[in-house]
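The chain contents come next:
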Amino acid sequence: MRSRDETCRILESALSIATSGVDEAEVSLRGGSIGISQFSRNHLHPSKELNQEQLVVRLWAHGRSIACGTTEVSVDGARECAQQLRAEIDRLTPGTEAKGLPPPQSYSPIMAYDEQTAYLPTIERTALAARVLSAAIRASKGSIGPDIYRSRGGVYASGSFLVGRGGVGSRGELLTYAIANSRGLMAYHPSTIVSARIEMESDGRTSQGWVSSYKLDNISLPELIEGTLNKVLFHAHMGVLPPGTYGAVLDAEAVSSLVQIIGQQAGLAAMMEGRSFLAKGLGQQLVDERISIVDDHSHPRHNGAPFDCEGVTRQPVTIIDKGVGHSPVVGWASAKRWDRSATGHARSDDGLSAGEAASHLVMSGGEASLDTLLSQTRAGVLISAFDGLEVIEPQRLRVVGTTAHGMYAVEEGQRTTPLVGMRFDVSLLDVLSHVSEIGTSRWASGAVVPPIRLNEFPLYASI
Amino acid sequence: MYKSTFAKELAHLALEEITKSKATYAEVRCESHWSEEVSLYSKGLERAYSLVERGLSVRVLVGGAWGFAAVSEPTRHDVQVVARQAVTIARIASITQEYPIRLAKAEPMKGIYRTKIGRDPMGVTLADKLEYLESILEHLQRPDNIINACVRFCAHRVHKVFLSSEGADIEQDLTSSGVRLRAYASDGEHMQVRTYPCDSGTILGGGWEVLEALRLHEKAEVVAAEAGDLLSAEPCPAGLATVILMPDVLAQHLLHGVAPLFELDRVMGLGVHEGHRTFLRGDNLGSFTFGSPLVNLSSDGRHPSGPGSFGYDDEGVESERVELISQGCLSGFLSGRESAASLGLERSRGAMRSGSWSEPPATRPANILMEPGQGGDIDALIGDTRDGILLEGAQRLSIDQSGYTFAGTVEQGWRIKHGKKVGLVKNISYRGATVPFWRSCDGVAQASEWTMSGAYHPHAVGRLPVGLGAAPARFAELEVGASPPELVPMNTTTGLPIVLLSPQEIADREPIRPTVSDGSSSGAAGGSSAVESSEET
């Protein structure tokens with residue numbers, strides 16, 4: 001883990017080399033140390049320990065910008081990158097890209113680093129994975145888990161424990177944790193991440209659970225294990241439903257993946273180019289008026305970095321306000337292009353900005369628990385999570401996908417038979433316009449969202 | 001790039017360190033990756049980026065369990081640390097290992113393999129690349145109704161040194177180059193998009209010459225004109241239809257919906273932690289009818305233009321051609337040494353690949369090829385179709401985790417009536433079930449229509465090129481439409497219409513389980529031909 005002093009030294013040295021002979025320059029650091037213990041069907045995979053850090057240098061000259069990244073995070077690495085870039089940029093014909101990097105910004109500190117998590121020994125991480133496997137094996141023997149049903153073919157656990165420090169995301173992706181530019185901007189935000197994903201499988205059915213935090217003490221493994229076991233082992237039978245439109249309760253994990261699609265499509269560039277639901281939806285009633293969706297990196301369950309991959313201060317943005325399309329999220333490049341204020345939402349692709357996305361989403365909730373939503377359902381389905389989601393028409397937020405991980409019949413207010421997953425093809429705007437009840441928001445699979453009850457959800461083929 | 005001698009020195013140092021432990025097997029990969037991307041957009045926006053990554057990884061078997069560790073920019077000291085780290089991880093893993101891992105026997109290979117390239121893509125100056133791409137962009141933007149356009153070039157080169165404790169000593173230099181053209185047309189109210197060759201672009205094995213051979217200026221004009229034509233096209237009619245899928249659409253299916261099914265890791269249930277499953281089972285081999293007799297699929301690691309070609313996989317096993325489906329019947333799997341031994345197969349088929357030094361290898365396809373047929377050229381295939389739709393310009397494809405079903409979209413289609421293309425259609429989505437779909441294949445165009453394309457593997461970390469070869473093919477029945485299928489609200493006043501599954505139907509949905517051989521079965525898992533992982537060996 002690089003200290004602030006060491007990071008600043010590297011960035012300043014790199015910047016002084018990179019700035020020479022060009023209009024503007026930017027250097028950033030991304031990635032860090034990652035440890036992953038993985039397991040599939042009660043079988044441990046090779047654990048991984050890796051150190052994966054990159055230095056990215058970007059130069060502007062003659063109306064052009066070019067960038068270079070290297071795993072050699074040192075002054076030598078920066079020099080090599082800068083020399084290569086300068087040699088290329090000097091040969092180019094002048095371009096039309098306007099210069100103008102973000103000026104120095106002020107950031108509110110966000111606590112996202114925990115020393116104990118940062119240096120969790122491999123053996124302890126592997127022991128966490130072993131606890132999940134042990135629970136699955138004991139559940140197979142019937143010694144733990146719900147009494148209602150004992151698995152015929154055994155219980156199998158799959159999943160991963162990831163621990164990272166520096167600039168590492170919950171899926172092991174590399175994040176920018178420090179950036180400096182020739183206008184004097186300097187940003188540094190080291191973080192830690194612990195992410196546990198579990199999938200339990202028994203007799204042809206599956207259930208998933210995922211917890212993530214910057215701090216190991218914030219996650220409860222027993223709760224995660226119990227939750228996934230209870231979902232997969234609560235009934236003796238499994239059934240199939242014919243295609244049709246059903247009343248549905250979507251648990252928070254399912255809602256989370258839908259809301260994250262909304263966040264991915266909420267950028268200014270996509271809106272201005274007609275590729276977003278906001279292109280014709282700004283100021284329009286898009287979904288149920290009880291639904292508001294905000295991007296807020298400072299929410300205590302997100303603890304996101306206070307700046308984006310260009311160093312611009314992240315600001316909370318209300319994307320949907322009481323059902324009405326409200327505001328897109330804006331990165332620096334789009335802000336310049338369309339004369340708007342940047343909100344710090346540049347999407348990173350290899351450490352460079354590429355469009356925008358909202359990734360710290362919070363959806364407003366109500367008072368009802370999941371059990372209350374189920375109790376109000378006479379006949380319908382409970383969808384725990386979605387899988388295989390693809391946006392096929394971003395303007396209408398039309399999405400195809402499956403209900404592969406835990407769909408259950410709901411009869412007379414009770415969750416009953418597990419059902420084989422089904423396919424669907426829906427417009428999220430339509431789905432979220434037919435909400436009959438909204439539950440209490442909680443962190444679920446990367447967003448803070450509530451479970452919801454829908455009057456109708458079309459399901460057309462079993463998988 | 002590392003010099004070969006330095007990379008080998010580091011790899012030898014790591015191996016030496018491991019020999020001090022009780023490891024029964026070890027392999028070291030020292031890799032340098034060089035990727036480059038240049039994108040040009042309308043209105044002067046551009047992106048030019050190169051990335052150089054160097055790293056070393058160690059994978060060891062200790063006490064019947066795997067350990068893996070990796071480091072970027074390794075020094076001589078680092079590789080010793082990483083080697084010890086991998087051994088420690090394996091020791092820890094062996095405490096909870098349910099059964100010891102066994103490896104099918106493999107000849108320790110020594111050799112060098114290089115992609116044949118005409119012009120080094122990294123050697124072409126950025127100025128030359130921009131000039132070439134700008135001229136293509138200019139063709140893309142010519143029609144008045146094009147509001148946005150983009151042309152993207154990418155190239156990737158990896159230099160790999162592989163050493164194993166069994167004596168393998170391999171060096172490879174693999175290069176691929178690719179492109180994508182895209183044009184958005186608008187009439188002020190609606191927008192349509194066309195890309196060449198499809199939404200994800202294409203990559204091919206080779207250098208800059210690959211682009212020059214694609215005649216991109218012509219393609220740019222076609223793509224731009226088609227985007228404009230789509231604005232006034234009819235929406236795609238809904239219902240069951242005979243469809244002709246062009247090679248780019250088939251390539252999407254081969255990449256996302258077909259190749260993963262044959263990865264033996266998935267068959268054994270070893271990829272579930274990443275959501276990787278397959279409905280195929282080991283005992284389906286030789287007996288399962290996957291497609292019609294016209295369907296012949298293989299994974300060929302040595303195809304001359306395939307971006308997924310390589311000499312040796314990341315376990316040091318020589319690449320080869322694996323027949324996956326022969327005349328519609330399941331005839332092979334993509335395997336590595338562990339999965340082959342688990343299934344009792346004689347040997348690995350050389351399909352263990354990794355897209356990064358930071359990732360252990362997994363079973364992955366090389367170049368997935370659907371063989372051409374006897375259906376004549378594309379005009380003959382259309383001429384033989386009474387009523388149908390031709391689909392091209394693949395966009396999105398959603399596959400469920402086990403690969404039972406799919407749903408996708410394409411950019412454009414042509415209505416076919418009485419053997420003739422009669423009208424352009426737009427906004428096309430389609431959906432189906434994998435096996436019925438492939439069993440309904442009733443025509444495959446001839447070799448002259450066969451096209452190689454490629455993409456980076458969607459599930460691999462880093463950049464792992466996969467070749468995708470196909471000729472246009474016809475399928476008797478697929479559900480297509482511009483909108484989701486109409487569904488009637490279920491009458492649930494008498495409860496949900498649930499049909500319960502039988503225990504056998506439930507069991508059929510599960511993968512087979514890895515087994516520990518008792519030494520009595522035949523094949524590699526049976527004993528002498530497999531590498532034992534116990535410390536006594």
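Structure: above.
The rules behind each value
Residue numbering note: each chain is counted from 1, following its sequence as written. In the order they appear in the text, chains get letters beginning with A and ligands get numbers beginning with 1. Given that the model is predicted, a residue must reach a pLDDT of at least 70 before its local features are reported, and side-chain atom pairs must reach 80 or more before they are shown or counted; all residues, however, enter totals for whole chains, interfaces and linings. To get the side-chain values, take all heavy atoms of the structure and skip hydrogens and water. A run of H or I in DSSP becomes a helix once it reaches four residues, and a run of E becomes a strand once it reaches two; helices and strands are each numbered from the N terminus. The cut-offs for exposure are 20% and 50% of the maximum accessible area for each residue type, with area from a 1.4 Å probe on protein chains only; residues under the lower value are buried, those over the upper are exposed, and the others partly exposed. Here is the rule: rings of Phe, Tyr and Trp (six-membered ring for Trp) pair when centre to centre is within 6.5 Å. Planes less than 30 degrees apart are stacked, more than 60 are edge-to-face, and the remainder are tilted. It only takes one pair of heavy atoms within 4.5 Å for two residues to be counted as in contact. When two parts are brought into contact, each loses some accessible area as probed by a 1.4 Å sphere; the total of that loss over both is the buried area. Here, a salt bridge means any side-chain nitrogen of Lys or Arg that lies within 4 Å of a carboxyl oxygen of Asp or Glu. In the analysis that follows, any N or O atom pair within 3.5 Å is treated as a polar contact, provided that within protein one partner can donate a hydrogen and the other can accept it, and provided that, for residues neighboring in sequence, both atoms belong to side chains. Polar here means any residue outside two lists: the nonpolar Ala, Val, Leu, Ile, Met, Phe, Trp, Tyr, Cys and Pro, and the charged Asp, Glu, Lys and Arg; Gly therefore counts as polar. DSSP calls a pair of strands paired once it identifies at least 2 bridges connecting them.

Engineer: If you had to explain the environment of Gly118(B) to someone new, which residues and values would you point to?
Structural biologist: Residue and element names in this part refer to chain B. Residue position: Gly-118 is located in the loop between strand E5 (110-114) and helix H3 (126-140). Judged by its relative accessible area of 65%, Gly-118 falls in the exposed class. Residues Gly-118 and Ser-287 lie 169 residues apart in sequence; the distance between their C-alpha atoms is 44 Å.

Engineer: Kindly report on the packing of aromatic side chains, identifying the contributing residues and their values.
Structural biologist: What describes a pair of aromatic rings is the distance from one ring centre to the other and the angle between the planes of the rings. Residue and element names in this part refer to chain B. On inspection of all chains with the given rule, the structure shows 19 aromatic pairs over all chains. Ring centres of Tyr-25 and Trp-66 lie 6.3 Å apart, and the angle between their planes is 80°; on these two criteria the pair is classed as edge-to-face. Of the two residues, Tyr-25 sits in strand E1 (residues 25-41) while Trp-66 sits in strand E3 (residues 65-72), which places them 41 residues apart along the sequence. As far as the burial class goes, Tyr-25 and Trp-66 line up, both buried.

Engineer: Tell me about the interface of chain B and chain A, and name the residues and values.
Structural biologist: Tallying the contact residues gives 88 residues for chain B and 96 residues for chain A. Roughly 7,700 Å² of surface becomes buried between chain B and chain A when both sides are summed, with 54% attributable to carbon and sulfur atoms. Connecting chain B to chain A are ten salt bridges. Counting the contacts that link chain B with chain A gives 33 residue pairs in polar contact (both at pLDDT 80 or more). Mapped by element, the contributors of at least two residues to the side of chain B that touches chain A are strand E2 (46-62), E3, helix H2 (76-96), H3, strand E18 (387-399), strand E19 (405-417), strand E21 (428-433) and strand E26 (499-500) of chain B. Among the elements that take part in the side of chain B that touches chain A, E2(B) stands out by supplying nine residues, more than any other. Residue composition of the side of chain B that touches chain A, grouped by class: 44 nonpolar, 24 polar and 20 charged. With four bridges joining them, strand E4 (residues 64-70) of chain A and E2(B) adopt parallel strand pairing. Considered in E2(B), the bridge of Thr70(A) is made with Val52(B).

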